Amino acid sequence: MFRSKMMTVLALVLAGGLLAACKTGTATPPPQIFAADAYQPLNLNARRLEIIDNWQMPVADPYIGHRVSPLPSTILADWASHVLRPAGGSGEIIFDIKQAAVTLTDLPAKVGIDGLLTDQQSRKVTAEIKAKIMWLQPVGGTQALADLSAAHSITIRESATANEVSKVVNEAVKGALVRLDSQTRKELATIDRIILP
């Protein structure tokens, strides 16, 4: 009798330990899409930077941006606050996020024997960013506006796992951000006296 109770207690302790071990695991950190050290800051002739997020994230297909962590508009705001540095004595830079969308669309499948025997590209992830930069400088009454638009698409093979799809989504957002950064630098270089030495 004592032996059977002892065996029951040992079995419960072992089962509890196994359950605890199953629940404890290393949580993977969220992917780092925006890395500040990858982008050189621009010293702008303004006293302050205002970031406006006018993008309403659709939650219906084909939009999947609401599943990206951190949200694309948050990534964009982080980029703007790092790159667009106010360094002047007066004036204002307004960064207006018009769109920060990520979509997942199906691609047409190949028909015939080739389509059955190959691992086709079945879906496409597209990250699209639209924003405006407005510069209002009361000293001298200078104003400027730059419309920015960048997109990056990557296709996904039909046998891709959920982790591979997530990686591709992050790469698409990162690619669109790199293009936006490049376009921003070109546009601002054409505006007289906005970039400080």
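You'll find the structure just up there.
One structure accompanies this document, and this report is about it. Note that the structure is predicted; figures quoted are calculated from it, not measured. (Residues numbered from 1 in each chain as written. Predicted model: local features only at pLDDT ≥ 70, side-chain atom pairs only at ≥ 80, totals over all residues. Heavy atoms only, no water.)

Glancing now at the pattern of salt bridges. On inspection of all chains with the given rule, the structure shows eight salt bridges. A salt bridge links R157 to E164; the nearest nitrogen and oxygen atoms lie 2.9 Å apart. Here R157 falls in the partly exposed class, since its relative accessible area comes to 31%. On the basis of relative accessible area, E164 is assigned to the partly exposed category, the value being 29%. For D181, the salt bridge is made with R185, and the minimal N-O distance between the two is 2.8 Å. You can see D181 and its partner R185 sitting in helix 4 (residues 162-189), four residues apart, about one turn around the helix. In this structure R185 comes out as partly exposed when scored by relative accessible area, which is 23%. (Salt bridge = Lys/Arg side-chain N within 4 Å of Asp/Glu carboxyl O. Buried < 20%, exposed > 50% of the residue type's maximum accessible area, 1.4 Å probe, protein only. Helix = DSSP H or I, 4+ residues; strand = E, 2+ residues; numbered from the N terminus.)

Here we take up the environment of I195. With respect to the helices, strands and loops of the structure, I195 is situated in the segment after helix 4. The partly exposed category is assigned to I195, whose relative accessible area is 36%. I195 sits 153 residues away from L42 along the chain, and the two C-alpha atoms are 6.8 Å apart. In this structure I195 touches L42, N43, L44, L188 and A189, once residues within four positions along its chain are discounted. (Contact = heavy atoms within 4.5 Å.)

One pass over the structure, following the stated rule, counts two aromatic pairs. The interplanar angle of 55° and the centroid separation of 6.4 Å between the aromatic rings of W55 and Y63 together place this pair among those described as tilted. Classification of W55 as buried rests on a relative accessible area of 15%. Residue Y63 is classed as partly exposed on the basis of its relative accessible area of 25%. Each ring, one from W79 and one from F95, has its centre 5.7 Å from the other, and the planes form 55°; the classification is tilted. (Phe/Tyr/Trp six-rings, centres within 6.5 Å; stacked < 30°, edge-to-face > 60°.)

Turning next to the sheet that holds strand 5 (residues 121-137). Spatial strand order, 2-4-5-6: four strands in an open sheet with mixed pairing. Edge strands, defined here as strands with exactly one partner in the open sheet, are strand 2 (48-53) and strand 6 (142-157). Averaged over all pairs of adjacent strands, the angle between their axes in this sheet comes to 15°, without regard to strand direction. Relative to strand 4 (residues 92-106), strand 2 is paired through six bridges, and the arrangement is parallel. Paired with E50 across the strands is I94, a residue of strand 4. Packed onto the sheet, helix 2 (residues 72-83) meets strand 2, strand 4 and strand 5 and runs at close to 145° relative to strand 4. Here helix 4 sits on the sheet in contact with strand 4, strand 5 and strand 6, set at roughly 155° to strand 6. (Pairing = 2+ DSSP bridges. Axes fitted to C-alpha atoms, helices over the stretch in contact; angles between N-to-C directions.)

Before going further, it helps to spend a moment on helix 2. Given a rise of 1.5 Å per residue, twelve residues ought to cover 16 Å, and the 16 Å separating the end C-alpha atoms of helix 2 matches this to within 8%. Burial in helix 2 covers these residues: P72, S73, I75, L76, W79, A80, H82 and V83. (Expected span 1.5 Å × (residues − 1).)

Our focus in this paragraph is the side chain of S73. Locating S73 in the fold gives a position in helix 2. Within the local environment of S73, its side chain forms a polar contact with the side chain of D53, the two groups lying 3.3 Å apart. Not counting chain neighbours up to four residues away, the residues in contact with S73 comprise D53, I97 and A100. (Polar contact = N/O pair within 3.5 Å; in protein donor to acceptor, adjacent residues only side chain to side chain.)

Right, let's get into the nonpolar core. Core analysis: the largest hydrophobic core is formed by 44 residues, its most contacted members being L76, W79, L84, F95, V102, I133 and L188. Among the elements of the structure, strand 1 (42-44), helix 2, strand 4, strand 5, strand 6 and helix 4 are those that each provide at least two residues to this core. Sort the elements by how many residues they give to this core and helix 4 lands first, with nine residues. If near-sequence neighbours (up to four positions away) are discounted, F95 is found in contact with L49, E50, I51, I52, L76, W79, A80, L84, A131, K132, I133 and L148. (Core = buried A, V, L, I, M, F, W, Y, C linked by side-chain atoms within 4.5 Å.)

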